[in-house]
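Summary of the model geometry
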Amino acid sequence: KDNHYTLFRWEDWPAWVTFTVVFIVLITLDNIFMNRHPKSLTMRTAALYTLFWIACACGFAGWVWCYYGQGKAFMWMSGYML
């Protein structure tokens, strides 16, 4: 058992703030603007929404790559794909 493990390190606070702000903005965008007129989704619209969220995940992985390196980005993307 690792007794020295910490989930939130002080030096990671900018990453957590960035993640939280982007998450809130994207969820608000999804719930308010994308679902303004509730109706059945077409296959095209569903595919576009899916591609949008995958692009957001890839963008976040790129951010992780820039700030934490290739290994951390691959770990995050592997977890996302699971």
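Residues numbered from 1 in each chain as written. Predicted model: local features only at pLDDT ≥ 70, side-chain atom pairs only at ≥ 80, totals over all residues. Heavy atoms only, no water.

1. Remarks on the overall build of the protein chain
Along its length, the protein chain carries three helices and zero strands. Shown N-terminal to C-terminal, the secondary structure of the protein chain runs as helices and strands in the order α-α-α. For the protein chain, the C-alpha radius of gyration of 16 Å lies well beyond 12 Å, the compact-globule estimate for 82 residues. For the protein chain, the C-alpha atoms occupy an extent of roughly 50 × 25 × 20 Å along the three principal directions. Across the 82 residues in the protein chain, those meeting the buried criterion constitute 11%. In the protein chain, 33% of the contacts between residues at least 6 apart in sequence involve partners at least 24 apart. Accessible area for the protein chain stands at about 7200 Å²; split by element, carbon and sulfur atoms hold 69% of it. Within the protein chain, the 4 negative side-chain charges are centred at a point lying 14 Å from the centre of the 6 positive side-chain charges. (Helix = DSSP H or I, 4+ residues; strand = E, 2+ residues; numbered from the N terminus. Rg over C-alpha atoms; globule rule 2.2 N^0.38 Å. Buried < 20%, exposed > 50% of the residue type's maximum accessible area, 1.4 Å probe, protein only. Contact = heavy atoms within 4.5 Å. Areas by Shrake-Rupley, 256 points an atom, 1.4 Å probe, with all protein chains shown as cover. Lys, Arg positive; Asp, Glu negative; His and termini not counted. Charge placed at Lys NZ, Arg CZ, Asp CG, Glu CD.)

2. Here's the deal with helix H2 (residues 43–68)
Between its first and last C-alpha, H2 extends 37 Å over 26 residues, near the 38 Å set by a 1.5 Å rise per residue. Among all positions in H2, only Ala 57, Ala 61 and Val 64 are buried. Structurally, H2 contributes buried residues whose contacts are with helix H3 (70–81). Count one or two residues on from H2 and you reach Gly 69, which has phi positive near 100°. (Expected span 1.5 Å × (residues − 1).)

3. Let's talk about the environment of Val 64
Following the sequence through the fold, Val 64 ends up in helix H2. For the pair Val 64 and Phe 74, spaced ten residues apart in the sequence, the C-alpha separation amounts to 9.1 Å. When residues no more than four places from it in sequence are discounted, the contact partners of Val 64 are Gly 69, Lys 72 and Ala 73.

4. A few points about the packing of H2 against H3
At their nearest, the axes of H2 and H3 sit 7 Å apart, and the two run at 155° to each other. One element, H2, and the other, H3, form an angle in the roughly antiparallel class. When you trace H2 past H3, the crossing you get is right-handed. The residues of H3 that touch H2, namely those facing Trp 53, Ile 54, Ala 57, Cys 58, Phe 60, Ala 61, Val 64, Trp 65 and Tyr 68, are Gln 70, Lys 72, Ala 73, Phe 74, Trp 76, Met 77 and Tyr 80. (Axes fitted to C-alpha atoms, helices over the stretch in contact; angles between N-to-C directions. Parallel < 35°, antiparallel > 145°, perpendicular 65-115°, else oblique. Left-handed = near helix turned anticlockwise from the far one by under 90°.)

5. Some remarks on a nonpolar patch on the surface
On the surface, Tyr 5, Leu 7, Phe 8, Trp 16, Phe 19, Phe 23, Ile 24 and Ile 27 cluster together into a nonpolar patch covering about 850 Å² of accessible area. Checked against the element boundaries, Leu 7 lands in the segment before helix H1 (13–34). Given the relative accessible area of 52%, Leu 7 is considered exposed. (Patch = residues over 30% accessible without salt bridge, like charges linked within 9 Å, V, L, I, M, F, W, Y side chains within 5 Å. Salt bridge = Lys/Arg side-chain N within 4 Å of Asp/Glu carboxyl O.)

6. A short note on the state of the cysteines
Using the criterion set out here, one finds zero disulfides in the structure. The thiol of Cys 56 is unpaired, and the distance to the nearest cysteine sulfur, on Cys 58, comes to 9.4 Å. (Disulfide = S-S within 2.5 Å.)

7. Digging into the confidence of the model for the protein chain
Mean pLDDT over the protein chain stands at 85; residues scoring 70 or higher make up 96%. Within the protein chain, no element has a lower average pLDDT than H1, which sits at 86, and none a higher one than H2, at 90. (pLDDT = per-residue confidence, 0-100.)

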